[in-house]
There are 4 protein chains.
Amino acid sequence: MKHIKRRERESHEIRRKIIEAARDLFLSHGYGEVSMRKIADRIEYSPTTIYHYFENKEAVVRELLEEGYALFLQALQQREQEARAEGLHAMDVLKTVCKSYILFGLEHPGYYNILFTTNLEGASSIAIIENDRSKGFEMLEAGIRKAVDEGYLTITDERLTAQSIWSMLHGLTSLLLSFYGPDMESRDELISFTIETFFRGLGR
Amino acid sequence: MKHIKRRERESHEIRRKIIEAARDLFLSHGYGEVSMRKIADRIEYSPTTIYHYFENKEAVVRELLEEGYALFLQALQQREQEARAEGLHAMDVLKTVCKSYILFGLEHPGYYNILFTTNLEGASSIAIIENDRSKGFEMLEAGIRKAVDEGYLTITDERLTAQSIWSMLHGLTSLLLSFYGPDMESRDELISFTIETFFRGLGR
Amino acid sequence: MKHIKRRERESHEIRRKIIEAARDLFLSHGYGEVSMRKIADRIEYSPTTIYHYFENKEAVVRELLEEGYALFLQALQQREQEARAEGLHAMDVLKTVCKSYILFGLEHPGYYNILFTTNLEGASSIAIIENDRSKGFEMLEAGIRKAVDEGYLTITDERLTAQSIWSMLHGLTSLLLSFYGPDMESRDELISFTIETFFRGLGR
Amino acid sequence: MKHIKRRERESHEIRRKIIEAARDLFLSHGYGEVSMRKIADRIEYSPTTIYHYFENKEAVVRELLEEGYALFLQALQQREQEARAEGLHAMDVLKTVCKSYILFGLEHPGYYNILFTTNLEGASSIAIIENDRSKGFEMLEAGIRKAVDEGYLTITDERLTAQSIWSMLHGLTSLLLSFYGPDMESRDELISFTIETFFRGLGR
DNA sequence: TATGAATGAGTATTCATTCAT
DNA sequence: GATGAATGAATACTCATTCAT
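As named in an unreviewed UniProt entry, chain A is TetR/AcrR family transcriptional regulator, taken from Paenibacillus medicaginis.

The structure is reproduced here in structure tokens:
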């Protein structure tokens, strides 16, 4: 059992296939719809094989979440650093981060749904990862603080502001994912409009 | 079949129990997780009994949706009329509607999830009700138009603005539902802050 | 229980509807496919109502069989008497009976299937009716005897001959019912050809 | 699914048990009566196990049909070749084929019922096999043609004649199967008598 | 006379999972 | 490293039937 756990971290081609299949299934279906057999069918292996790489279904989902969060955080951080490197001031860096949040959702709808929409009720040990979620939130807070420090924002409660921004971002992303096709013309307009409006509201 | 259809609309104690059980199950689970058997267990009847009152699972969900939308629209309309009766001007009426949207979600988390979060992929004939969803959206648009007409808002694209507001509301509501307990102290503060910020951003 | 049995014989409009519905369902489906609920749906009554007229499903089938046999025998006898009245000689009377056997099957495919094709395994008390089946067989035997008596046939074993004829008739009918649509052009040709061939074979 | 398909053709002890159980159940019951659970009970495995070997119920029936037809055609062809090898002339070869048709039914009542009596309404993709049925019919036609060519038969319509013979054979077989025990003494007599009579009727 | 209410058993099928190889 | 074999429990849904009214 120990050695299974150990190997669980090892990278492996089939591990990848499995979690990619699981992610794709999550895209169009809910947690209950993603079955070990469907994953197995998709990668053309027997269901038993999956148990060679993952202890059970929950372990698959857990890894999916971990990967998703890693990807998510990486996407945000990368864009932030790029923005900084471009010499943007704190406010525009913050906006860039916001846009890349939404972009992540649009580019990885499967991951986004699992990370932020799907209710993973059945999966108990998954709560551990909850703190990955707060890392993204902390990035937001940090960005806000910097904007405040640099005088672009006048804010009393950073935490509150971050929650508010986050909810706006999540609302926008999930709206775009569930009710609009991928080709919605006014998509970018809606994104820009919402973000600009909100930040204008935040003031100076 | 005929005789079921005939009184499908009739009220009945057990019908109520069934859809309430279904609604509660939807609160913490997805469509696939809500099973006829679980509903039956919850109301302490045999699964067969449910089929006495509903043609199939989809019919249960359909009624749940219809009820949910009715409740939702009613809540919005009632608060709007109250606000008008109180002599509030268009802008504050609009804000009141926004707050009652969020309040509906917080008071009826089960309904909110089914109406606006859950992926009802399996349920085909449910698309019909989709247009109930747009009724809520139209209320928003109408409120915006009125605020524009009365000079409280300067807006170019009503549709875009409504989508933007809607996404903010949905984001806020689902954030509150998934990540905060019902007793979150700063809840109302977050709601007010977000709405005020956004409308300030919309300008004049 | 006694009085139920008694009333079971009474004619009644709904009784008729029930067994007609059952018969129609038997046409296109097997015994297992004919359910009390489907019968009830078809006549637009509740399933419970059927139990007012019949003790159980088996009783419905039993009556269906009785009626079917009555109809069957009546059809045969009527044509036989008509043929006799027309002054046909015994041989042609016999052929007429044969043709009316086939015609019954083609005109009442539902009844024919229940009477002669469907395996009524589940229905125990139905064996009683078995002797109705032999009545039809006896008509055949009687017809043969008469043809022999009148010198149209030279036959050693009447029983054997009757069985032989019967099997030919059943084969022809069920072939026509299962593999040909109702509009098969060469239908009558096949019937005539087979009967004529067979009787020619029986000889003088 | 893939891996099941891949070895669907492979022989396997349990596959055999399953289709034999299904065949036996078909003997005394209709399509609707033969359930996966009953099959499972009969072979003393769990119902789930059957799905390890067959995709679904229809696949079981399909294989049953394929096997049945293969056995049927083989039986007919073998006897025909034997008869030819024995130097019988075309007429007697034809009669031999006829007798082996009936014999097949008597020796394999389960198969016979599925192939020629049971209404497989529920099973859609099964129609494909329908053309196996016509192969048997074609053997009959070919035999007739040969008998005509060799001057044993004078016939105008081969197709009609074949249908006529076929219906006689089917009638005889199903009569023997449903209404007589396997030990009926006069069985062979009835078979011979009917065939002889019919062919005598066909003439020269 | 008719039916609404209720259910236990049965229908096909899918699920996650274990075990021996 | 991979899988065939096997299953108990669950899925939605249908069945014949009973009972009280």
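On we go.
## Description of the overall build of chain A
Scanning chain A for helices and strands turns up 10 helices and zero strands. Of the regular secondary structure in chain A, the N- to C-terminal order runs α-α-α-α-α-α-α-α-α-α. In chain A, which comprises 204 residues, the share counted as buried stands at 49%. Across chain A, the fraction of contacts at a sequence separation of at least 24, relative to all contacts at a separation of at least 6, is 70%. Put simply, chain A shows about 9,900 Å² of open surface, and 49% of that area lies on carbon and sulfur atoms.

## Thoughts on the interface of chain D and chain C
Counting residues at the interface gives 32 residues for chain D, matched by 32 residues for chain C. Carbon and sulfur atoms make up 64% of the area that chain D and chain C hide from each other, which totals about 2,900 Å². Among the residues of chain D in contact with chain C, Leu160, Phe179 and Phe193 of chain D are the three that bury the most area, contributing 18% of the side total. Applying the counting rule to chain D against chain C returns six residue pairs in polar contact (both at pLDDT 80 or more). If you list the elements that add at least two residues to the side of chain D that touches chain C, you get helix H2 (13-28), helix H9 (158-179) and helix H10 (187-202) of chain D. Among the elements that take part in the side of chain D that touches chain C, H9 of chain D stands out by supplying 12 residues, more than any other.

## Overview of the UniProt feature "DNA-binding region" (unreviewed entry) in chain A
Summarizing the sequence annotation, UniProt attributes the feature "DNA-binding region" (unreviewed entry) to residues 35-54 of chain A in the numbering used throughout. Helix makes up 75% of residues 35-54 of chain A and strand 0%, with an end-to-end C-alpha separation of 14 Å.

## Some words on the relation of the copies chain D and chain C
After a rotation of 178° and a shift along the axis of 0.2 Å, chain D superposes on chain C with an RMSD of 0.5 Å. In symmetry terms, the pair is related by a two-fold rotation axis.

## Describing helix H3 (residues 36-43) of chain C
Residue and element names in this part refer to chain C. Looking at H3, one finds that the buried residues are Met36, Ile39, Ala40 and Ile43. The buried residues of H3 all sit within an arc of 100° when viewed along its axis, so they share a single face. Close packing links the buried residues of H3 with helix H2 (13-28), helix H4 (47-53) and helix H5 (57-85). Positive backbone phi, at 60°, marks Glu44, one or two positions downstream of H3.

## What to know about the protein's contact with DNA strand F
The full set close to DNA strand F counts 35 residues, and His52 and Tyr53 of chain A, Arg37 of chain B together with His12 and Tyr53 of chain D are the nearest of them. Backbone atoms, meaning sugar and phosphate, make up 55% of the atoms of DNA strand F lying within 4 Å of the protein.

## Some points on the packing of aromatic side chains
Under the criterion given, the structure shown has 38 aromatic pairs over all chains. With 6.4 Å between their ring centres and 80° between their planes, Phe198 of chain B and Phe199 of chain B make a pair best called edge-to-face. Overall, the relative accessible area of 0% leaves Phe198 of chain B in the buried class. The exposure class assigned to Phe199 of chain B is buried, which follows from its relative accessible area of 3%. A centroid spacing of 5.7 Å and a plane angle of 50° characterise the contact between Phe137 of chain C and Trp166 of chain C, whose relative ring orientation is tilted. In this pair, Phe137 of chain C sits in helix H8 (residues 130-149) while Trp166 of chain C sits in helix H9 (residues 158-179), placing the two residues 29 residues apart along the sequence. Here the two residues Phe137 of chain C and Trp166 of chain C agree in accessibility, since each one is buried. In this arrangement the basic side chain of Arg15 of chain A is found over the ring face of Phe54 of chain A, its NZ or CZ atom lying 4.3 Å from the centre.

## Focus on the environment of Ile14 of chain C
All names here are of chain C. Mapped onto the elements, Ile14 comes out in helix H2. As a C-alpha pair, Ile14 and Tyr45 span 31 residues in sequence and 9.4 Å in three-dimensional space. Each residue touching Ile14, except ones within four places of it in the same chain, is listed here: Tyr45 and Tyr53.

Rules used in this analysis
- Residues numbered from 1 in each chain as written.
- Chains lettered and ligands numbered in written order.
- Predicted model: local features only at pLDDT ≥ 70, side-chain atom pairs only at ≥ 80, totals over all residues.
- Heavy atoms only, no water.
- Helix = DSSP H or I, 4+ residues; strand = E, 2+ residues; numbered from the N terminus.
- Buried < 20%, exposed > 50% of the residue type's maximum accessible area, 1.4 Å probe, protein only.
- Contact = heavy atoms within 4.5 Å.
- Areas by Shrake-Rupley, 256 points an atom, 1.4 Å probe, with all protein chains shown as cover.
- Buried area = accessible area lost by both parts, 1.4 Å probe.
- Polar contact = N/O pair within 3.5 Å; in protein donor to acceptor, adjacent residues only side chain to side chain.
- UniProt positions renumbered as here; feature names shortened; annotations may be inferred.
- Least-squares fit on C-alpha atoms with pLDDT ≥ 70 in both.
- Arc of directions from axis to C-beta.
- Near = heavy atom within 4 Å.
- Phe/Tyr/Trp six-rings, centres within 6.5 Å; stacked < 30°, edge-to-face > 60°.
- Lys NZ or Arg CZ within 6 Å of the ring centre and 35° of its normal.

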